[in-house]
Amino acid sequence: MAVKINENYLLIKSNYIFSEINQRVEKYQNDNPDATIIRMGIGDVTRPLPKAVVGKFAEAVNEMGDAESFRGYGPEQGYDFLIEEIIKNDYTPRGINLSPDEVFVSDGAKCDTGNIQEIFDLLNTVAVTDPVYPVYVESNVMAGRTGPMEDDGRYQKLVYIPCTEENGFIPELPKTPVDLIYLCFPNNPTGTALTTEQLAQWVDYARENNSIILFDGAYEAYIQEDNIPHSIYEIEGAHEVAIEFRSFSKNAGFTGTRCAYTVVPKEVMGFDSEGNPHSVNSLWNRRQTTKFNGVSYPIQVAACAVYSPEGQKEIKESIDYYMQNASIIRNSLKDLGLRVYGGVNSPYIWVKTPGDMDSWQFFDLLLDEAHIVGTPGVGFGPSGEGYLRLTAFNTLENTEKAMERISRLSI
């Protein structure tokens, strides 16, 4: 008798988009060893951890080497000292009341947005914006919540909400009721953001239809405009219908050290087959305590330093630095006559491909002739075809050099 596999994995027709990019770039580099490639595809930061964070990180590591201060397993939900700082700094100033047991520290928003679906029934109808961060889709495919991919690139049973130039990349409410709704704003990949009024429509929809919004706010720190909410809980009633995911990766450079948190209000309810309500907070807590051992003590001490006055000052400098890059990219490409979106409340710039090029053709053009790596929009879903994403997460020098190279292309 042979071991059977989870055949839902076989429904995923292509490599994870960033793995595919890496393979293509590696082949190109091997074939062209003298080419100096500028990577503006993957959303990885380039500026180092803030000095305030590194200092506390080192102190905590030294504590682990002393018998009197050594710590073993910590609480799976996170240490109180970090959770208290999260609430005090990220929520209380915005008039949002949370209790410590509603905040769960983790090793990444990617992990949490992928794992959260485990606590929900496979028969739930899932809605995603299109284009979309692939993890939302593929984690549900792996779980068995979808059917095969159709010829148009969409998976059966998933509800796709197109975000296109025609609607300003702002998703429209589903025409039919859905159960789970993935929203990411400021958006990855389009770089657009929802106003308070626009996000309130989604909260109202969720309340009317007994839906739950899975709100990815990983890029909250990049919001520049006043009418863009920094948390979904700024919207009245969101505590009843929304789970929020936040990360230290993009604001404080924790992409390599891994720390994030998820907020699950105790008012959010799911229902069993007999219609009885159950706290989603309790279910997520059960999942985490079973499958997750928590983030290491030194990492959580380092994350706590993010909220120090010195940490906040350094983080603002990094965000301003990346947003300067975003402005350079946005303005440079516009000057070339390209249609460009994002880059105002987000470090992502969404570019319409020139002429009749598809996403991969434009990717190849930039790589072959300018030695620049972007992310083909089609990798984020069918509505991403004909676009390419560039990130501002590079050095100022490389950003300016990349724009100068692109300006020499015939596009």
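Up top is the structure these notes are about.
Here is what the cut-offs are and how they apply
- Here the residue numbering is sequential within each chain, running from 1 through the sequence in written order.
- Local features in a predicted model are, by the rule used here, given only for residues with pLDDT of at least 70; side-chain atom pairs are given and counted only at 80 or more, and totals for whole chains, interfaces and linings are based on all residues.
- The basis for the side-chain values is all heavy atoms of the structure; hydrogens and waters are excluded.
- We count a stretch as a helix when DSSP gives it H or I for four or more residues in a row; a strand needs E for two or more, and each element gets its number in order from the N terminus.
- In this setup the radius of gyration rests on C-alpha atoms only. A globule is expected at 2.2 Å times the number of residues raised to 0.38.
- Only protein chains enter the calculation, and the probe is 1.4 Å; a residue is then buried if its accessible area is under 20% of its type maximum, exposed if over 50%, and partly exposed in between.
- In what follows, residue pairs with any heavy atoms lying within 4.5 Å of each other are defined as contacts.
- The Shrake-Rupley method, run with a 1.4 Å probe, gives the accessible areas here. Residue values count only the displayed protein chains as cover.
- For Phe, Tyr and Trp, rings pair up if their centres lie within 6.5 Å, where Trp contributes its six-membered ring, and each pair is then called stacked (planes under 30 degrees apart), edge-to-face (over 60) or tilted (otherwise).
- Placement of a charge over a ring requires the Lys NZ or Arg CZ to be within 6 Å of the ring centre, with the centre-to-atom vector within 35 degrees of the ring normal.
- Strand pairing is defined by DSSP finding a minimum of two bridges between the two strands.
- Axes here refer to lines fitted to C-alpha atoms; in helices the fit is confined to the stretch in contact. Angles between the N-to-C directions go from 0 to 180 degrees.

Student: A description of the overall build of the protein should follow, citing residues and the corresponding values.
Tutor: Helix and strand content of the protein: 12 helices and 15 strands. Its C-alpha radius of gyration of 22 Å places the protein within 12% of the 22 Å reference for a compact globule of 411 residues. Along the first, second and third principal axes, the C-alpha set of the protein runs to 60 × 55 × 50 Å. The buried share of the protein, reckoned over its 411 residues, is 54%. Across the protein, every contact between residues at least 6 apart in sequence was considered, and the portion connecting residues at least 24 apart equals 73%. Summed over its atoms, the accessible surface of the protein is roughly 18400 Å², and 48% of this surface lies on carbon and sulfur atoms.

Student: Please set out the packing of aromatic side chains residue by residue, giving values where relevant.
Tutor: Counted according to the given criterion, the structure contains 21 aromatic pairs. Where Tyr322 meets Phe393, the ring centres are 4.9 Å apart and the plane angle is 80°; that geometry is what we call edge-to-face. Here Tyr322 is found in helix α10 (residues 309–335), whereas its partner Phe393 is found in the loop between β15 (387–391) and α12 (396–407), with 71 residues between them in sequence. Comparing Tyr322 with Phe393, the two get one shared label, buried. Taken together, the ring pairs connect Tyr91, Tyr233, Phe248, Phe254, Tyr261 and Tyr307 into an aromatic cluster. Over the ring of Trp360 we find Arg24; its NZ or CZ atom is 3.7 Å from the centre of that ring. Across from the ring centre of Tyr160, 5.7 Å away, lies the NZ or CZ of Arg154, which sits over that ring.

Student: Got a sec to walk through the sheet that holds strand β14 (residues 375–376)? Specific residues and values, please.
Tutor: Taken together, the four strands give an open sheet; going across it, the order is β11-β12-β15-β14, and neighbouring strands pair in antiparallel fashion. A single partner strand is all that each edge strand has here, and the edge strands are β11 (340–342) and β14. Relative to β15, strand β12 (residues 348–352) is paired through five bridges, and the arrangement is antiparallel. Note on β15: the bridge partner recorded for Tyr348 is Thr391. Against the sheet, helix α11 (residues 359–370) engages β12, β14 and β15, with an angle of about 45° to β15.

None of the figures reported here should be taken as evidence of function without further support.
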